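# Structural overview for review
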Amino acid sequence: MQPSAVPELAHTHTRPIHWVATATAVAGVVALSSVVQPDAATAAQTPGARTKSAPAHIAPPDADSAEFPLDCGPVKLVVKKKASGDLDGDGRPETVAAVHCDAPMGTPPDGMYVLTQAAGSTEPRVVATLVDPKDRTNVDDFAVRDGVITATVLGYSSADVPSCCPDVRENVKWQWDDGAFVRTGPADARSV
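Residues numbered from 1 in each chain as written. Predicted model: local features only at pLDDT ≥ 70, side-chain atom pairs only at ≥ 80, totals over all residues. Heavy atoms only, no water.

### Side note on the nonpolar core
With 18 residues, the main nonpolar core has V96, M112, I149 and W174 as its most contacted residues. At the level of secondary structure, the elements contributing two or more residues to this core comprise strand 2 (94–101), strand 3 (111–116), strand 4 (125–131), strand 5 (138–145), strand 6 (148–155) and strand 7 (168–177). Setting aside its immediate chain neighbours within four residues, W174 contacts M112, L130, V131, G147, V148, I149, A151, F181, V182 and R183. The next biggest cluster of nonpolar side chains, apart from the first, holds 10 residues, and it includes A63, C72, A97 and Y113. (Core = buried A, V, L, I, M, F, W, Y, C linked by side-chain atoms within 4.5 Å. Buried < 20%, exposed > 50% of the residue type's maximum accessible area, 1.4 Å probe, protein only. Helix = DSSP H or I, 4+ residues; strand = E, 2+ residues; numbered from the N terminus. Contact = heavy atoms within 4.5 Å.)

This is the structure:
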């Protein structure tokens, strides 16, 4: 190895004063960044390819005031989750709601329904059943984006599996196609 022709420079060795100077500079940048803030974000969500933007004055159907085709007997019906969006591209929002009976014990099955309401009306009505409570399934989570409903549905591989412990998990989606909601999902469900 050939020795360097340039003599060793004094500033290439770190000393405590170098660390103090670096720490002071970093502290100054952090302090300055807490004082100087960027302008507020103004981005707006744009509608998807199949979704038209609904006018601002059209409110989505209210799931809490809807009549669902679910007989809960003496217990009340619970709206577990709801989400809204223009699912059929007509410029009016629909609401998707997962509901079940408020059972005092166990895990009651969910129903998942699509609600709409006529122009000028405040009465929501069920236009589609996506998940039927008779199928003994639960909706773990769902979302409405760009005219597509995506959900995770929990079910049972057989009637012998206890209601507390679903053993099948399936990711599915529904999309409005030629006058109906068409369900797609994986060819086979995964066990949990």
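### Some remarks on the pattern of salt bridges
Close approach of charged atoms lets side chains of opposite charge pair. Scanning the model with the defined rule gives five salt bridges in all. The residue D64 makes a salt bridge to K82 at a minimum N-O spacing of 2.8 Å. Residue D64 is found in the loop between helix 1 (16–35) and strand 1 (77–85), and its partner K82 is found in strand 1; the two are separated by 18 residues along the sequence. Of the charged contacts, one joins K81 and D141 as a salt bridge, the two residues approaching to 2.7 Å between their closest N and O atoms. (Salt bridge = Lys/Arg side-chain N within 4 Å of Asp/Glu carboxyl O.)

### With respect to the pairing of strand 5
Across a regular strand the side chains alternate sides, sitting on one face of the sheet and then on the other. Strand direction decides the pairing type here: strand 5 and strand 6, joined by seven bridges, are antiparallel. Counterpart to N138 in the pairing with strand 6 is L154. Counted between consecutive antiparallel strands, the loop separating strand 5 from strand 6 contains two residues, among which D146 sits at a positive phi close to 50 degrees. (Pairing = 2+ DSSP bridges.)

### Description of the confidence of the model for the chain
In regions of low pLDDT, the predicted coordinates are not meant to be interpreted in detail. Looking at the chain as a whole, its pLDDT mean stands at 80, while 73% of the residues score no less than 70. Note on residues 40–54: pLDDT under 50 across the span, and 17 contacts to partners over four residues away in sequence or across chains. Ignoring residues within four places in sequence, the model shows residues 187–192, a span with pLDDT below 50, making 13 contacts including any to other chains. (pLDDT = per-residue confidence, 0-100.)

### Thoughts on the sheet that holds strand 1
Strand order in the open sheet made by the four strands is 1-2-3-4, with antiparallel pairing throughout. At either margin of the open sheet sits one strand with a lone partner, and together these are strand 1 and strand 4. Here the strands of the sheet are splayed against their neighbours by 25 degrees on average, with no regard to which way each runs. By the bridge criterion, five bridges tie strand 2 to strand 3 in an arrangement that is antiparallel. Each residue of the ladder has a partner; that of V96, found in strand 3, is V114. (Axes fitted to C-alpha atoms, helices over the stretch in contact; angles between N-to-C directions.)

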